[in-house]
There are 2 protein chains.
Amino acid sequence: MIDKPSILRETDADAIRLACQLLRGQRSGALAVQEPGETGFPFISRVLVGLDIDGAPVILTSRLAVHTQALLLDPRASLLVGRLGKGDPLAHARMTVQCEAQPVTSQDTVHMCLRTRFLRRHPKAELYIDFPDFLFFRLLPIRASLNAGFGRAYAIPGSDLMINSPLSKEILAKERVLLEELNSNRNAIAKFVDGHARGDAQGWLATGIDAAGVDLALGDELYRSDYAQPLENLSDIGI
Amino acid sequence: MIDKPSILRETDADAIRLACQLLRGQRSGALAVQEPGETGFPFISRVLVGLDIDGAPVILTSRLAVHTQALLLDPRASLLVGRLGKGDPLAHARMTVQCEAQPVTSQDTVHMCLRTRFLRRHPKAELYIDFPDFLFFRLLPIRASLNAGFGRAYAIPGSDLMINSPLSKEILAKERVLLEELNSNRNAIAKFVDGHARGDAQGWLATGIDAAGVDLALGDELYRSDYAQPLENLSDIGI
């Protein structure tokens with residue numbers, strides 16, 4: 001119970017699946033950085049979480065904020081993801097991801113792709129996403145600690161959280177069209193949210209596609225549906 | 001939007017009131033520490049949060065856990081409190097509290113008081129609270145950053161989060177009896193949860209009393225009701 005790294009379970013496919021779903025299916029998380037100014041304190045704040053095509057979580061922050069100033073000085077960060085639900089807060093799965101933060105500004109070529117994907121997940125960010133003091137950080141996972149509930153702790157290599165696929169580039173280029181096709185096929189959407197929304201797909205929309213799965217949203221609710229196996233062909237996307 | 005420390009609002013009584021309610025009314029939070037082993041990473045995890053009679057948040061952790069090992073080496077910690085609700089995660093109030101962690105083991109004289117209060121708030125912790133590897137940390141607030149929603153950021157001095165009252169000792173000594181009296185007076189309970197539970201006090205129980213307010217619980221839900229002013233006499237407790 002609570003995090004007990006010395007009694008780790010062996011990391012199996014189910015643990016990795018849960019870890020990926022936790023990381024990919026969150027709209028927000030808590031981010032810890034080293035507080036600037038050599039105070040020696042960590043500094044923790046709440047951040048919106050997006051997802052890059054390669055599985056790296058993405059945050060959008062202002063240069064006026066403590067965490068941005070911190071990450072520009074020291075890229076070492078710790079991201080906590082996992083939803084609280086009813087009952088004991090420690091009974092719900094959560095994961096600590098030790099990450100290296102990579103800044104992405106509007107000068108960078110990948111900025112537009114991050115921006116497009118981030119806005120699909122967080123439409124309200126449109127209000128400030130183009131403010132000159134805002135930038136993205138890709139949070140490259142180095143290693144993670146998954147706590148799936150009492151007594152269920154696993155070490156997850158950062159590489160197991162990434163989506164490495166030769167299809168990524170093509171999906172990224174076609175994502176808008178793929179999403180339109182997917183969202184016009186209600187049976188496909190129903191299949192993706194099955195199990196989460198009890199088969200009632202009404203109102204759910206796909207907001208992101210990558211080689212490992214689909215992000216779906218119903219208003220402010222986000223659900224991540226990973227494929228049983230990463231896509232090998234674009235035709236397997238399930239439209 | 002997002003944390004903008006350079007455009008802080010002036011800290012007024014309402015901000016301090018919200019800050020205190022956020023800190024005192026949470027069952028759990030995210031805690032950042034310095035990861036042991038000189039990795040230079042912060043490390044973030046979810047913790048249950050209790051409340052000491054003087055307003056210091058309290059956590060219960062295992063010596064086998066990373067955060068415990070970290071805090072025993074370096075007491076500087078950052079605690080994030082604040083509930084997520086519907087809608088934009090950044091629209092909900094939250095607070096970063098920079099704290100100094102003070103270990104409290106079963107050898108310490110204050111341990112029994114912390115244990116009693118912690119169990120009233122987290123009854124399920126009884127399963128492990130007496131395990132030999134578990135200890136408490138009091139998290140003494142040094143300074144805090146309150147983010148009350150878009151554009152509403154405040155710096156809160158740590159001392160404003162504490163409950164300094166000459167009555168604390170007496171309340172602590174009588175707390176069990178005071179809670180029994182309070183819980184047998186349903187009108188009193190209704191008054192405390194009024195506004196939160198829309199006057200329906202059914203099932204709510206007071207689980208903690210201090211000089212600044214009352215903790216109330218309905219199953220796993222916690223509600224903190226602070227007095228308009230800290231108590232000056234025990235007779236004002238509202239039973």
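Residues numbered from 1 in each chain as written. Chains lettered and ligands numbered in written order. Predicted model: local features only at pLDDT ≥ 70, side-chain atom pairs only at ≥ 80, totals over all residues. Heavy atoms only, no water.

Colleague: Hey, could you run me through the pairing of strand β10 (residues 213-218) of chain A in this one?
Modeller: Where a strand is regular, its side chains alternate between the two sheet faces. All names here are of chain A. Here β10 lies mainly inside the structure; 5 of its 6 residues are buried. Linking two consecutive strands that pair antiparallel, namely strand β9 (residues 205-210) and β10, is a turn of 2 residues. Two strands pair when backbone bridges link them, and β10 and strand β11 (residues 221-226) are joined in this way by 6 bridges, in the antiparallel orientation. Looking at β11, one finds that Val-214 is bridged to Ser-225. Hairpin connection between β10 and β11: a loop of 2 residues separates the two successive antiparallel strands, and Gly-219 in this loop has a positive phi of roughly 60°. (Buried < 20%, exposed > 50% of the residue type's maximum accessible area, 1.4 Å probe, protein only. Helix = DSSP H or I, 4+ residues; strand = E, 2+ residues; numbered from the N terminus. Pairing = 2+ DSSP bridges.)

Colleague: What should I look at first to understand the sheet that holds β11(A) in this one?
Modeller: Sheet strands pair via backbone hydrogen bonds, and the direction of the pair is either parallel or antiparallel. All names here are of chain A. Strand order in the open sheet formed by 3 strands is β9-β10-β11, with antiparallel pairing between adjacent strands. Because the sheet does not close on itself, it has two edges, and the strands there are β9 and β11. Taking the axes of each pair of neighbouring strands and ignoring which way they run, one obtains an average angle of 20° across the sheet. Against the sheet, helix α4 (residues 168-183) engages β9 and β10, with an angle of about 150° to β9. (Axes fitted to C-alpha atoms, helices over the stretch in contact; angles between N-to-C directions. Contact = heavy atoms within 4.5 Å.)

Colleague: Looking at this model, I keep getting lost on the relation of the copies chain B and chain A. Mind explaining?
Modeller: For the pair of chain copies, the relating operation is a rotation around an axis with a shift along it. You can overlay chain B on chain A at an RMSD of 0.0 Å; the transform is a turn of 180° with a shift of 0.0 Å along its axis. Such values leave the two copies arranged in the relation of a two-fold axis. In this assembly, 100% of the residues forming the interface of chain B have copies in chain A that are likewise at the interface, indicating an isologous arrangement. (Least-squares fit on C-alpha atoms with pLDDT ≥ 70 in both.)

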